[in-house]
Amino acid sequence: MEVTLTVNDEERVADVGPTTTLTELLREHLDLTGTKVGCGRGECGACTVILDGSPVNSCLVFAVQCDGRRVLTIEGLDANGEHDRIQSAFIESGAVQCGFCTPGMIMSAYALLSSNPRPTRREIEEAISGNLCRCTGYVKIVDAVQAASE
Ligand code: FES
Ligand code: FES
């Protein structure tokens, strides 16, 4: 099945199967490997991308459901060769260890700050509650999102 969608402001066309997920479309068909696969079943948030303005677990979305839609991935945040303010804040706050959860965390933070530019720590915690990190203990991640909001 042919799918045409806009990924990071660029129109892309891919030939996918009926059960190909959006994660597989991005990673295997479009070579956008910044989106990570953790659990593959909606539990870890590593695969979070923005679909038509809302964060989704891309492992739970079929590629064919994305026909005609807009997707933003972690690669789209520094498309101009410079880090987005959230990426910079993660680096400056020491919010990255192994980095596996980081793209998904940042995309959830991006969705939060797009709709709520000055969130409280509680709102940040809620926004990233679907994103699991095994390394950092979350405090520095929340610090980073707060720093990005400032
Ligand atoms: S890989 Fe999609 S939620 Fe874990
Ligand atoms: S930095 Fe390792 S899982 Fe989050």
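Residues numbered from 1 in each chain as written. Chains lettered and ligands numbered in written order. Predicted model: local features only at pLDDT ≥ 70, side-chain atom pairs only at ≥ 80, totals over all residues.

What follows concerns the environment of Arg118. Within the element layout of this structure, Arg118 appears in the loop between α3 (102-115) and α4 (121-127). Residue Arg118 is classed as exposed on the basis of its 9 C-beta neighbours within 10 Å. For Arg118 and Asn8, which are 110 residues apart along the polypeptide, the C-alpha to C-alpha distance reads 25 Å. (Helix = DSSP H or I, 4+ residues; strand = E, 2+ residues; numbered from the N terminus. Buried ≥ 20, exposed ≤ 12 C-beta atoms within 10 Å, placed from the backbone.)

This part covers helix α1 (residues 22-29). Leu22, Thr23, Glu24, Leu25 and Leu26 are the residues of α1 that are buried. On its buried side, α1 packs onto β2 (10-15). Downstream of α1 by a residue or two, Asp31 has a phi angle that is positive, lying close to 65°. (Contact = placed C-beta atoms within 7 Å.)

What follows concerns the sheet that holds β2. A sheet is described by the order of its strands in space; here five strands give the open sequence β2-β1-β5-β3-β4, paired in mixed fashion. At either end of the open sheet lies a strand with only one pairing partner, and these are β2 and β4 (54-57). Adjacent strand axes in the sheet meet at a mean angle of 40° when their direction is disregarded. Sheet topology places strand β1 (residues 2-7) next to strand β5 (residues 70-72); two bridges connect them, and they run parallel. (Pairing = 2+ DSSP bridges. Axes fitted to C-alpha atoms, helices over the stretch in contact; angles between N-to-C directions.)

Before going further, it helps to spend a moment on the nonpolar core. Ile106, Ala109 and Ile141 are the most contacted members of the largest nonpolar core, which has 45 residues in total. Secondary-structure elements contributing two or more residues to this core are β1, α1, β3 (48-51), β5, α2 (85-92), α3, α4 and α5 (139-149). For this core, the element with the highest residue contribution is α3, accounting for six residues. A domain-level breakdown of this core finds at least three residues from each of domain 1 (2-75) and domain 2 (78-149). (Core = buried A, V, L, I, M, F, W, Y, C linked by C-beta atoms within 7 Å. Domains from an automatic or database assignment.)

We now examine the pairing of β3. Strand direction decides the pairing type here: β3 and β4, joined by four bridges, are antiparallel. Each residue of the ladder has a partner; that of Leu51, found in β4, is Ser54. Across two bridges, the pairing between β3 and β5 is antiparallel. The partner of Leu51 across the bridge, within β5, is Val71.

Direction vectors running N to C along α3 and α5 enclose 40°, while the axes themselves pass 11 Å from each other. Judged on the interaxial angle alone, α5 and α3 are oblique. Of the two possible hands of crossing, α3 and α5 adopt the one that is right-handed. Side by side, α3 and α5 meet where Met105, Ala109 and Leu113 of the first sit next to Ile141, Val145, Ala148 and Ser149 of the second. Looking at the contact of α3 with α5 residue by residue, the classes come out as six nonpolar, one polar and no charged. (Parallel < 35°, antiparallel > 145°, perpendicular 65-115°, else oblique. Left-handed = near helix turned anticlockwise from the far one by under 90°. Nonpolar A, V, L, I, M, F, W, Y, C, P; charged D, E, K, R; others polar.)

This part is about the domain arrangement of the protein. As assigned here, the protein comprises domain 1 (2-75) and domain 2 (78-149). Here domain 1 and domain 2 have C-alpha centroids that lie 20 Å from each other. Facing the 15 residues of domain 1 at the interface are 13 residues of domain 2. Counting only elements with at least two residues in the side of domain 1 that touches domain 2, the list comes to β3 and β4. Looking at which element gives the most residues to the side of domain 1 that touches domain 2, the answer is β3, with three residues. Taken together, the residues of the side of domain 1 that touches domain 2 break down into seven nonpolar, seven polar and one charged.

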